[in-house]
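So you can see what is in the structure, the chains are spelled out below.
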Amino acid sequence: MGSDPSSTPTRPHRRLRESDVTVVDKSMMRRAVSGMVVGNTMEWYDVGVYGYLAVTMGKVFLPTAEPAVQILFSLGVFAATYIARPLGGIVFGRLGDRIGRQKVLATTLIMMATSTFL
């Protein structure tokens, strides 16, 4: 007896029951996975493009500043995406629960495509 975990007897594994299995409509699952792939691809494309152009962005928006300040500015904006992403997840997650995830996903995809285009 004691607190040694090796001294406790192991329980036999419980057999799987029919109620343990969740059946999902395959076409609905494919649509959900496709939507997830498109959304993540667009999001990481935006992040990748900005990361690639971060040095140029500092020169464009702060042409008279020192190079170190330009890079810190552009990387600071880049870092802000990692703060905005969880906040957006909270806001759009709650909206998705209220008005439907498909509508919210379409709205966020349109917003990202518009910002990328601009």
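Structure: see above.
Residues numbered from 1 in each chain as written. Predicted model: local features only at pLDDT ≥ 70, side-chain atom pairs only at ≥ 80, totals over all residues. Heavy atoms only, no water.

**Q** How should I be thinking about the side chain of glutamine 70 in this particular structure?
**A** Here glutamine 70 is to be found in helix H3 (residues 67–99). At 2.7 Å, the side chain of glutamine 70 and the backbone oxygen of leucine 62 are in polar contact. (Helix = DSSP H or I, 4+ residues; strand = E, 2+ residues; numbered from the N terminus. Polar contact = N/O pair within 3.5 Å; in protein donor to acceptor, adjacent residues only side chain to side chain.)

**Q** So what exactly am I meant to see when it comes to the packing of helix H1 (residues 26–52) against H3 here?
**A** Each pair of packed helices gets described by two things: the angle between the helix axes and the distance between those axes. The N-to-C vectors of H1 and H3 enclose an angle of 160°; their axes lie 10 Å apart at closest approach. Our classification of the angle between H1 and H3 gives roughly antiparallel. The two elements H1 and H3 meet at a crossing, and its hand is left-handed. Counted together, Glu43, Trp44, Val47, Tyr50 and Gly51 of H1 and Ser74, Val77, Phe78, Tyr82 and Arg85 of H3 form the full contact between these two elements. Grouping the amino acids of the contact of H1 with H3 by side-chain chemistry returns six nonpolar, two polar and two charged. (Axes fitted to C-alpha atoms, helices over the stretch in contact; angles between N-to-C directions. Parallel < 35°, antiparallel > 145°, perpendicular 65-115°, else oblique. Left-handed = near helix turned anticlockwise from the far one by under 90°. Contact = heavy atoms within 4.5 Å. Nonpolar A, V, L, I, M, F, W, Y, C, P; charged D, E, K, R; others polar.)

**Q** I'm lost on H3 in this one. Help?
**A** Owing to its 3.6 residues per turn, the α-helix aligns residues three or four sequence positions apart on the same side. Here H3 contains 33 residues, and its C-alpha end-to-end distance of 46 Å stays within 8% of the 48 Å for a straight helix at 1.5 Å per residue. At alanine 84, H3 is bent by approximately 30°, the largest bend along its length, and proline proline 86 sits one to four residues beyond. Restricting attention to buried positions, one finds in H3 the residues Gln70, Ser74 and Gly96. Buried residues along H3 sit in contact with H1, helix H2 (54–61) and helix H4 (101–117). Trailing H3 by a residue or two, glycine 100 shows a phi angle of about 115°, which is positive. (Expected span 1.5 Å × (residues − 1). Bend = angle between axes of the 7 residues up to and from the residue. Buried < 20%, exposed > 50% of the residue type's maximum accessible area, 1.4 Å probe, protein only.)

**Q** What am I meant to see in a nonpolar patch on the surface here?
**A** A surface patch of nonpolar side chains, amounting to about 430 Å² of accessible area, comprises Val24, Met29, Val33, Met36 and Val37. Within the secondary structure layout, methionine 36 lies in helix H1. (Patch = residues over 30% accessible without salt bridge, like charges linked within 9 Å, V, L, I, M, F, W, Y side chains within 5 Å. Areas by Shrake-Rupley, 256 points an atom, 1.4 Å probe, with all protein chains shown as cover. Salt bridge = Lys/Arg side-chain N within 4 Å of Asp/Glu carboxyl O.)

**Q** Whenever I open this one, the side chain of threonine 108 confuses me. Can you help?
**A** Inspection of the secondary structure assignment puts threonine 108 in helix H4. Of the polar contacts made by the side chain of threonine 108, one reaches the backbone oxygen of leucine 105; its length is 2.9 Å.

**Q** Got a minute to help me understand the packing of aromatic side chains in this structure?
**A** For the coordinates displayed, the defined rule picks out two aromatic pairs. Judged by centre distance (5.9 Å) and plane angle (10°), the rings of tyrosine 50 and phenylalanine 78 are stacked. Remark: phenylalanine 78 occurs in helix H3 and tyrosine 50 occurs in helix H1; sequence separation between them is 28 residues. Of the residues examined, tyrosine 50 reaches a relative accessible area of 19% and is grouped as buried. Through a chain of ring-to-ring contacts, the aromatic side chains of Tyr50, Phe78 and Tyr82 assemble into a single cluster. The ring centre of tryptophan 44 lies 4.9 Å from the NZ or CZ of arginine 85, which sits over that ring. (Phe/Tyr/Trp six-rings, centres within 6.5 Å; stacked < 30°, edge-to-face > 60°. Lys NZ or Arg CZ within 6 Å of the ring centre and 35° of its normal.)

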